[in-house]
Amino acid sequence: MRTRSTKRAEIARSDRYQAEKKRLVIPELVEVLELHDVSFAQSLYHDLVCDSAIDTFLKRTRSYSLTQRRWKLPRSYTKLLDRDYYTPLFTVMSSVVKYFWSDSVAQGTRKVVDTHAIDLRHSRIDSPAHNSRPSFVITAEGPSFQLPDIVPGKKSATIGFSNIASCIEIQVDGTESTSEQLIRIAIYARQLFMHQPNRQFVRVLVLTGHNIRLFHFDHSGVQYTPLVDIHSDPHTFIRLILGLSSPNEADLGLDTSIQWQVENGRKVSGTLRTRGDDATDVVYPLLDINPFFSRSDILGRCTTCWSVSDSGTGENLLVKDSWRSDGRESESVHLQEAREISRVVQMVSCEPDRGQTKELRCLTNGLPEHFQNLVNTRLVMKCYGGPITGFTSARELLCILRDAIAGHRMRLKRGILQRDISPKNILAGKPGAQQGDRGVLIDLDLAIRYPADGVDTPADWWIGTSLYQSVMLHYSRDLPKPLIRDHLDDLESFFYVFTHIIHEYDRNGVFYPLDDDSKLNLWNKYEGQFAATVKRTFLAVSSTPDDITLRWPEACIRVLHRFQDFLRDIVRKKMGIILQPSANPVDIQKPLQLSAEDHYDHILRLFDEGIGALEIEDAAESLGPTPPFPKALSLRPSTERSGLKRARDDDLDALVQQLIARKVVGALDPYPVSSFPY
């Protein structure tokens, strides 16, 4: 039995969940375009139905009065005795769908459903406790839809965001402002993008009494129309309903080049169609019905990656769909130049312009002010190993990072600066990869020419993954004359990736959540100069908590600290540049840029020596009864010799010779930098 206290708790919980849902969606609503006329709404879906067909329907249907020229709806919803304003509107919309899409309705592929009292579960990425109740939805069956996921302990749902073509919201009392309407339906739109990975746009209708408003969401943001009177303009009203319930999935905003086979309501297999290098269609079977990576936001690049198979060769490939800013050079241009270069992801084919957001909005006569047009790109690339966080040994981690940094160097030599270094952009090489190919750097979405057309590039602090950005990039947000973004900023990002992994994993790749008091939690807490200060403080002392050092071999920690020492000096030099207001920072920074080869040589040498040390340790362990290293042997820097030499070198050399004599290893050369074709 529900008590008053139980009901109050349910209301409080509902309010909290609604606040959480708003918090998730509001950052997606920074690019909102209010249209000042109804031309966009009136221009849509004329290919679906002609005026004469609509006129015939209006004559035949019982839902519309030709004499009064209005739909048979209450003139005032406030005077309804049972306050049921859903039923009359539901009847009108159902009559439209049933008449024009009679085959689809008969087959059950399109149907208007009243869901104002049905909880539709949100993606588990947000929270398993979140759900929404759109007033009406158009349920759909077809090659892009499937039944909602089964949740253990919950009753199987027949309606969810995975099998909805669109949503329709009813707000007849008129108490919600346009901004409140926007937030409410943006929550629905976001869930459609998340549950339907081939979504390119979402359109939602809001009915307010006798008027309708269309909201259009795509990866450039959202635009909405003024109110349209459904009585005086029934043609537009009908076309919008038909567009949102169309049997053609492209009309709904779905990318039909990705299709699934559906059995018993569930996707069981799929295909992806693209254009090969010879401009012919190529169809790849999907290796998984779900993308292995998806950034299912409303706004931005919204990268989605698929695993596919080449039926001809049997080779597994990666397909990357993303949206780039119009005018920005396509990632495919950089990948084309990088073909046949090791340590750099290899492209098989590309479609650099698969469509643009201005086309989705029917913007043919110029673009509105502040509108950022995006271009859809599809790349087919060679497959490599898993993400860097899938390493299984300390040596493998160092090898992946080492070769990814070497690949970064190769790109820089070709005049390409990555600008976005994060764990998701660093992959392990293919199984059994040789030295030089054990780490691969991917994702050139944000890469630029370096220097760009002979001109040094500003810092652009908003580009890249903030968590791994350099100190100077954080400072540049508040500086009137920020420093030029250079290779050192990306090298610093590599260090932060390395640091994060050291703190969150052990030498075998086992994950350890960060402690609440970990300094690394502060990296994502602040922005601008505050974030810069946090990272400068971290760089100031080469020290790692004991509980973390115990999880890693000393050789690995030593590489981390030496990397940190190098960056501390670089940041100190750059701080000196920005503290000289009268000087030209570009001229002062130039010597650092010209020393790039020395910088890479130094960093790669650190990794080479760390990998070499770990190889010796691994070989020693394989001997079994071989005595351990002499107790006095340490991997800490010697106070009497070069910082890159070990203490007790004689003892270590003796052990190496013993291993060679017993043919456990060859002459263990930590593959010096000179062995690679830079």
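Our subject is the structure listed above.
Since the structure is predicted, the reported quantities are computational estimates derived from the model, not experimental observations.

### Looking at the environment of D119
Relative to the helices and strands, D119 is located in the loop between β4 (110-114) and β5 (120-121). Owing to a relative accessible area of 42%, D119 belongs among the partly exposed residues under this scheme. On a C-alpha basis, the gap between D119 and I159 in space is 9.1 Å, while along the polypeptide they are 40 residues apart.

### A short note on the pairing of strand β14 (residues 266-275)
Pairing analysis gives six bridges linking strand β13 (residues 258-263) to β14, with the strands arranged antiparallel. Residue pairing for β14: E263 is matched across the bridge by R266. As consecutive antiparallel partners, β13 and β14 are separated by two residues, and within that stretch N264 has a phi angle of approximately 55 degrees, a positive value. For β14 and strand β15 (residues 281-285), the ladder comprises five bridges, and the chain directions are antiparallel. Following the sheet pairing, R275 is matched in β15 by D281.

### Some thoughts on the nonpolar core
Counting 66 residues, the largest nonpolar core has I405, I426, F494, F498, W552, F563 and F607 as the members making the most contacts within it. Every element with two or more residues in this core is listed here: α11 (394-413), β22 (426-428), α12 (471-476), α13 (487-504), α14 (528-540), α16 (554-578) and α18 (596-622). Broken down by element, this core gets its largest block of residues, twelve residues, from α16. Beyond its immediate sequence surroundings of up to four residues, I405 is in contact with L491, F494, F563, Y600, I603, L604 and F607. Core analysis: the second largest hydrophobic core is formed by 46 residues, Y64, F100, A165 and L254 among them.

### Concerning the sheet that holds β14
Spatial strand order, β13-β14-β15: three strands in an open sheet with antiparallel pairing. The sheet is open, and its two edges are formed by β13 and β15, each paired on a single side. Strand-to-strand twist of the sheet, defined as the mean angle between neighbouring strand axes without regard to direction, takes the value 25 degrees.

### Focus: the pattern of salt bridges
Scanning the model with the defined rule gives 29 salt bridges in all. The partner of D149 in a salt bridge is R124, and the shortest N-O contact between them spans 3.4 Å. Linking D149 in the loop between β7 (136-140) and β8 (164-170) with R124 in the loop between β5 and β6 (131-132), this pair joins segments that are 25 residues apart in sequence. R438 is the partner of D403 in a salt bridge, and the nearest nitrogen-oxygen pair spans 2.9 Å. Linking D403 in helix α11 with R438 in the loop between β22 and β23 (439-441), this pair joins segments that are 35 residues apart in sequence. The residues D403 and R438 share a single accessibility class, namely buried. Through salt bridges with shared partners, a single network forms among D255, D321, E351, R354 and R378.

### A word on the packing of aromatic side chains
Counting across every chain of the model gives 21 aromatic pairs. Ring centres 4.9 Å apart and planes at 75 degrees place the aromatic pair Y99 and F100 in the edge-to-face group. Residue Y99 is classed as partly exposed on the basis of its relative accessible area, which comes to 33%. Classification of F100 as buried rests on a relative accessible area of 17%.

### Description of the packing of helix α3 (residues 51-60) against helix α7 (residues 234-244)
At a closest axis distance of 10 Å, the pairing of α3 and α7 adopts a crossing angle of 100 degrees. Comparing their axes, α7 and α3 come out roughly perpendicular. Residues D51, I54, D55, F57 and L58 of α3 lie in contact with α7, whose contacting residues are P234, H235, I238 and R239. Class assignment for the residues of the contact of α3 with α7 results in five nonpolar, one polar and three charged.

### Some points on unusual backbone geometry
Positive phi is not limited to glycine here, since Y45 has a value of about 65 degrees. Mapping Y45 onto the fold places it in the loop between α2 (39-43) and α3. On the basis of relative accessible area, Y45 is assigned to the buried category, the value being 8%. Residue N264 is not a glycine yet carries a positive backbone phi of 55 degrees. Following the sequence through the fold, N264 ends up in the loop between β13 and β14. By relative accessible area, which is 78% here, N264 ends up exposed.

Criteria and thresholds
- Residues numbered from 1 in each chain as written.
- Predicted model: local features only at pLDDT ≥ 70, side-chain atom pairs only at ≥ 80, totals over all residues.
- Heavy atoms only, no water.
- Helix = DSSP H or I, 4+ residues; strand = E, 2+ residues; numbered from the N terminus.
- Buried < 20%, exposed > 50% of the residue type's maximum accessible area, 1.4 Å probe, protein only.
- Pairing = 2+ DSSP bridges.
- Core = buried A, V, L, I, M, F, W, Y, C linked by side-chain atoms within 4.5 Å.
- Contact = heavy atoms within 4.5 Å.
- Axes fitted to C-alpha atoms, helices over the stretch in contact; angles between N-to-C directions.
- Salt bridge = Lys/Arg side-chain N within 4 Å of Asp/Glu carboxyl O.
- Phe/Tyr/Trp six-rings, centres within 6.5 Å; stacked < 30°, edge-to-face > 60°.
- Parallel < 35°, antiparallel > 145°, perpendicular 65-115°, else oblique.
- Nonpolar A, V, L, I, M, F, W, Y, C, P; charged D, E, K, R; others polar.

By themselves, these figures tell us nothing about what the structure is for.
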